[in-house]
Amino acid sequence: MTIGNFINLLGGLGLFLFGMNYMSKGLSAVAGNKMKDLLEKLTRNRFKGFLLGVLVTAVIQSSSATTVMLMGFLNAGIMDLAQATGVIIGANIGTTVTAVLIAIDVSAIAPICIIIGAILALFSKKQKQKYIGQIILGFGILFFGLKYMSGDDAMGVLKTSSAFQSFMASASNPVVGIIVGFIICAVLQSSSAAIGVLQVLALNGVVPLGLAVYLIIGINIGSVMPLFLSSIGAKTNAKRAAFVYFIFNAILIFLTPLGAFEPFLKLVEGFSSNGSVQVAECHIMFKIISAVVLLPFVKYIVKLSEFVIKPKEHESVFRFTYIDKKIHPNPSIIVLQVTSEVQRMAKLVRQNFVNACEDLISSSLEHEQSILETEELINWLNHNISDFMVTVSSHNMSGDTSEYIGKLFHVVTDLERVGDHALNILEKNESLIEENMGFSAEAKKEVEEIYLKSLELFDRSVGAFIAEELSDTEAEELHNLENTIDSLTLQAQDNHIRRLRKKECHTYSGVVFTKLLQDLERVGDHSYNIAWAARKNKKLIRQI
């Protein structure tokens, strides 16, 4: 094999890999969000999850991408590992579509696809049409590269290469075949691409089916490498998902010493004499056999992954629960993770607000230490969620996703300020207890009424934002609730002045009471801002 042959081979391989990657990105852009919505609505039925995994991966053509997407759902807390396992098993079957297309050999239409795809990608005004053009163009380049790679000036010359034939003879050992397949996939970083290269070799008659079987096993094991690399330093569930993916792709290796493939190979050879078709058949059958064997044992696979990969021991509470910076699924799933983290922050803020107000009303400092510690965590989440959103904002996001991220910035800021007001309430309570003072029964009743109204507004506002839905009726009710808080605050201030004139309360406690009312009223204001962030295609009416 000359240097020219080698360059032609690499050039064809480069076109093939670029076409596959370009097509996959186009498919993800067109169907990614819809596939994400389907996965998000996944039930606990493992068989439905399995079928959904087949569908999603058949569309976006990457089992690794589907599994990374699942890692995002696991981290966002909207799916457990048992649900994800069924989808992973299905994803491994869905990824065989590329091998089927290569086996059919539609390379004759590759030039037409390149022309049509280039026109749509370059000259279409609508973004969706550009993505469709990207899919068609990537498809054409993929098969053009495949045809070029298999030509007489590239891989075709291997049929007459004595050195390569000698290597094939030494590689007939199953262990060597599996290792070579693993290396090929680890280098190409795509099992579909590695299987495509193997199909070209088999089509040219340079790799016999007996060896191709073990190469396929090695390639499937090698497909785990991108997931293992992406899960290094990631959260526990992400590592477990990668382990489940490995179990599925490695199970066939246990049949190798038993020589179980001999009758299987005769069956495959009986279907077709075309090497490319035979490789595709083996690839598909292996995936189906693995799925049939493993699907009934999903819960045991999950337990095994939990036994092998222990939960992390975290030294600090200052960490994300749902966001995983090591895993980079598509932007829509990143948004789900951020939303879950914001929801966690909202629960902490609510907890502090309730504890501070209840302690004030009961004239105690029962939750003082808890409030201070939680406030530190709230501040940490505020800064780090905001920093993370700045990072993800640089990703290629749709208009709706970008708009939602912008609203999240406002919501995080409002939540942090509600937390600050809870801390202010604690500090006022501390000062009253230190001075051995308190409020009259009437003043406490007024504080409690405003506190409960503010809490109701906070809960309903956060609920509306998480659901991403605020109807006109609900918006009007929340607006009236905020007006009620304002009215109660003004009334409490008037009553306070009356009590001062009658000398029914101390001047110091009166000053604290006035500032306390401001804190409670501001909590209502920030809650109302959060509610308005739930409105789609509408700007915030104000930002306090």
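The coordinates are above.
The model shown is predicted, which means the values in this text are computed figures rather than measured ones.

Q: How should the packing of aromatic side chains be read in this particular structure?
A: A full pass over the atoms with the stated rule returns seven aromatic pairs. When the centroid spacing of 6.3 Å and the interplanar angle of 50 degrees are considered together, the rings of Phe297 and Tyr300 count as tilted. Among the residues examined, Tyr300 registers a relative accessible area of 46% and is labelled partly exposed. Here the aromatic residues Phe320, Trp380 and Phe388 are joined through ring pairs into a cluster of three or more.

Q: Please explain unusual backbone geometry as it appears in this structure.
A: Where the residue is not glycine, phi is negative for most of them; where a peptide bond is considered, it is trans in most cases. Even without glycine at this site, Asn436 takes up a positive phi of about 55 degrees. Following the sequence through the fold, Asn436 ends up in the loop between α19 (399-434) and α20 (441-467). At Glu468, a residue that is not glycine, the phi angle is positive and equals roughly 55 degrees. Secondary-structure assignment places Glu468 in the loop between α20 and α21 (472-501).

Q: Would you mind showing me how to read the nonpolar core here?
A: Val338, Phe353, Ile385, Leu415 and Leu520 are the most contacted members of the largest nonpolar core, which totals 66 residues. Sorting elements by how many residues they give to this core places helix α17 (residues 331-362) first, with 14 residues. Setting aside residues up to four positions removed in sequence, Val338 forms contacts with Ile323, Ile385, Phe388, Met389 and Leu408. If you look at the next biggest cluster of nonpolar residues, it comprises 45 residues, including Leu146, Ile219, Ile221 and Phe264.

Q: Would you mind going over the packing of helix α9 (residues 174-188) against helix α11 (residues 209-222) with me for this structure?
A: A pair of packed helices can be characterised by two numbers: the angle between their axes and the separation between those axes. One way to put it is that α9 packs onto α11 with a least axis distance of 6 Å and a crossing angle of 45 degrees. Judged by the inter-axis angle, α9 sits oblique to α11. The crossing of α9 and α11 is right-handed. Of the residues in α11, those in contact with Pro174, Gly177, Ile178, Val180, Gly181, Phe182, Cys185 and Ala186 of α9 are Leu211, Tyr214, Leu215, Ile217, Gly218, Ile219, Ile221 and Gly222.

Each value, and the rule that gives it
Residues numbered from 1 in each chain as written. Predicted model: local features only at pLDDT ≥ 70, side-chain atom pairs only at ≥ 80, totals over all residues. Heavy atoms only, no water. Phe/Tyr/Trp six-rings, centres within 6.5 Å; stacked < 30°, edge-to-face > 60°. Buried < 20%, exposed > 50% of the residue type's maximum accessible area, 1.4 Å probe, protein only. Helix = DSSP H or I, 4+ residues; strand = E, 2+ residues; numbered from the N terminus. Core = buried A, V, L, I, M, F, W, Y, C linked by side-chain atoms within 4.5 Å. Contact = heavy atoms within 4.5 Å. Axes fitted to C-alpha atoms, helices over the stretch in contact; angles between N-to-C directions. Parallel < 35°, antiparallel > 145°, perpendicular 65-115°, else oblique. Left-handed = near helix turned anticlockwise from the far one by under 90°.

By themselves, these observations are geometric and do not establish any function.
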